[in-house]
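Breakdown of the fold
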Amino acid sequence: MNLTSGIDEPLVLGIETSCDETGVGIVRGTTLLADAVASSVDTHARFGGVVPEIASRAHLEAMVPTIERALKEAGIAASDLDGIAVTAGPGLAGALLVGTTAAKAYAYALGKPLYGVNHLASHICVDQLEHGKLPEPTMALLVSGGHSSLLLAPDITSDVRPLGATIDDAAGEAFDKIARVLHLGFPGGPVIDRLAREGDPKAIAFPRGLTGSRDPAYDFSFSGLKTSVARWIEAKRNAGEEVPVRDVAASFQEAVVDVLTRKAVRACKDEGVDHLMIGGGVAANSRLRALAQERCEKAGITLRVPRPGLCTDNGAMVAALGAEMVARGRPASDWDLSADSSLPVTEPHVPGHAHGHEDGEGDGGGAGHGGGHGGGHAHGHSHGHGHAHDHDHVHEISKDNLYS
């Protein structure tokens, strides 16, 4: 492997453009060599959410400089690479198209194999860059502005099984919306986390969604919590009383992380898995990390959480999954690889049409998962494993959900 460099580990460049971050990472095996990111968050902030057209244009402008910066940081030439990986989905269609087109151009020009990989599976695989090889199976809790999912991954390159997902608002989306109600700006996750440290998490008894005995064990719902918090704030204001912002932030945050960690630990116990990995933008939240650590220790579960910089969208996570694809001999993608905004997590990568899926699954084309996501909060429901939900990672300005 790595025939160009003589080192027995694949050297892979990864490109991530699912939302507003232009991420380019370079990985040798499980070692991170470069992680370059160009963000358009400041541009979107004045609109209160991610504007797809602006994100796509920003990716176009940032792509080549970001790739050049990553190559320089890694101290390698593009010709040294063993492959190029790119997020094929899920995400914003236009933004994904910029990334996949760039990846195909570089791979073709360099004569390197191309690997279209899944955004969510990449969020899991990135942990290898910090804590070494993932145990098999791995239980993963992914939480961001576009998704809140519990996933079981016996093999991160070919077998990722959804156990549960959000049925309405994702966790990060709720953070952004409550921040807007509190006039805290955008994105909301980091500022709520900061203010919550000075507040009382027990000050206000906000509801915990889908935690009843008859509710789905692994699904999440934060819409009711969001509404409850907004009405509580509105009642205070209507009564002419000052809103205790820090207590609201702490109590709201506690309601979110309580449910996330409780269900994740339960899934580990039910599936007999002794490791829990937490990824996605909300994994940077300090209270989520602390409560997860506390509950995992009590349950005898080893917690793996990447450093905050690897939790948010980045090219390193794509490179990490691409390197694992190369190392395990997974088939490369075809040159007609397309962006799939609703690529299900059950497809960790999009192999070439001639190869199909491992274990004889599907047609390998990655097409036919639906499209045309114009303005709705779309959910693709799959019942291939339990009651799983393949929740789209589609960001829209109306959803105010950048914390990803």
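Here the structure is a predicted model, which means the values were calculated and not measured. (Residues numbered from 1 in each chain as written. Predicted model: local features only at pLDDT ≥ 70, side-chain atom pairs only at ≥ 80, totals over all residues. Heavy atoms only, no water.)

Our focus in this paragraph is the confidence of the model for the protein chain. A residue-level look at the protein chain finds 83% of positions with pLDDT of 70 or above and a mean pLDDT of 87. Counting contacts from residues 2–6, a segment whose pLDDT is below 50, to residues more than four positions away or on other chains yields 13 contacts. Contacts for the low-pLDDT stretch residues 355–404, under 50 throughout, to residues beyond four places or in other chains number 148 contacts. (pLDDT = per-residue confidence, 0-100. Contact = heavy atoms within 4.5 Å.)

A few words now on the nonpolar core. By size, the foremost hydrophobic cluster in this structure holds 52 residues, and its most contacted members are M139, L141, L150, F252, L260, L276 and I278. Ranked by residue count, the leading element in this core is helix α9 (residues 245–271), at 13 residues. In this view, I278 contacts L141, V143, A283, L288, A292, L303, R304, V305 and P306; residues no more than four positions away in its chain are not counted. One finds V27, L134, V160 and M277 within the second-largest nonpolar core, a separate group that totals 30 residues. (Core = buried A, V, L, I, M, F, W, Y, C linked by side-chain atoms within 4.5 Å. Buried < 20%, exposed > 50% of the residue type's maximum accessible area, 1.4 Å probe, protein only. Helix = DSSP H or I, 4+ residues; strand = E, 2+ residues; numbered from the N terminus.)

Attention now goes to the pattern of salt bridges. In the structure shown here, the tally under the stated rule is 19 salt bridges. For the salt bridge of E324 with K133, the shortest nitrogen-to-oxygen distance reads 2.8 Å. In this pair, E324 sits in helix α12 (residues 315–327) while K133 sits in the loop between α5 (128–131) and β6 (138–143), placing the two residues 191 residues apart along the sequence. We note a salt bridge from E173 to K177, for which the minimum N-O separation is 3.2 Å. You can see E173 and its partner K177 sitting in helix α6 (residues 171–181), four residues apart, about one turn around the helix. Like E173, the residue K177 is buried in the burial classification. (Salt bridge = Lys/Arg side-chain N within 4 Å of Asp/Glu carboxyl O.)

Right, let's get into the sheet that holds strand β8 (residues 159–165). Spatial strand order, β8-β7-β6-β9-β10: five strands in an open sheet with mixed pairing. Sheet topology places β8 and β10 (302–304) at the edges, where each strand pairs with a single neighbour. Each adjacent strand pair in this sheet contributes to an overall mean axis angle of 25 degrees, direction not counted. Relative to strand β7 (residues 148–155), β6 runs antiparallel, the two sharing six bridges. (Pairing = 2+ DSSP bridges. Axes fitted to C-alpha atoms, helices over the stretch in contact; angles between N-to-C directions.)

On to the pairing of strand β1 (residues 11–16), then. With six of its six residues buried, β1 lies for the most part within the structure. Alternating residues of β1 divide into L11, L13 and I15 and V12, G14 and E16, and every residue in both groups is buried. As defined by bridge partners, β1 adjoins strand β2 (residues 21–28) across six bridges and the pair is classed as antiparallel. Each residue of the ladder has a partner; that of G14, found in β2, is G25. Looking at chain direction, β1 and strand β4 (residues 83–89) are connected through four bridges and run parallel. Its bridge partner being in β4, G14 is matched across the sheet by A85.

What follows is about the side chain of T166. Within the secondary structure layout, T166 lies in the loop between β8 and α6. There is a polar contact of 3.3 Å between the side chain of T166 and the backbone nitrogen of D168. (Polar contact = N/O pair within 3.5 Å; in protein donor to acceptor, adjacent residues only side chain to side chain.)

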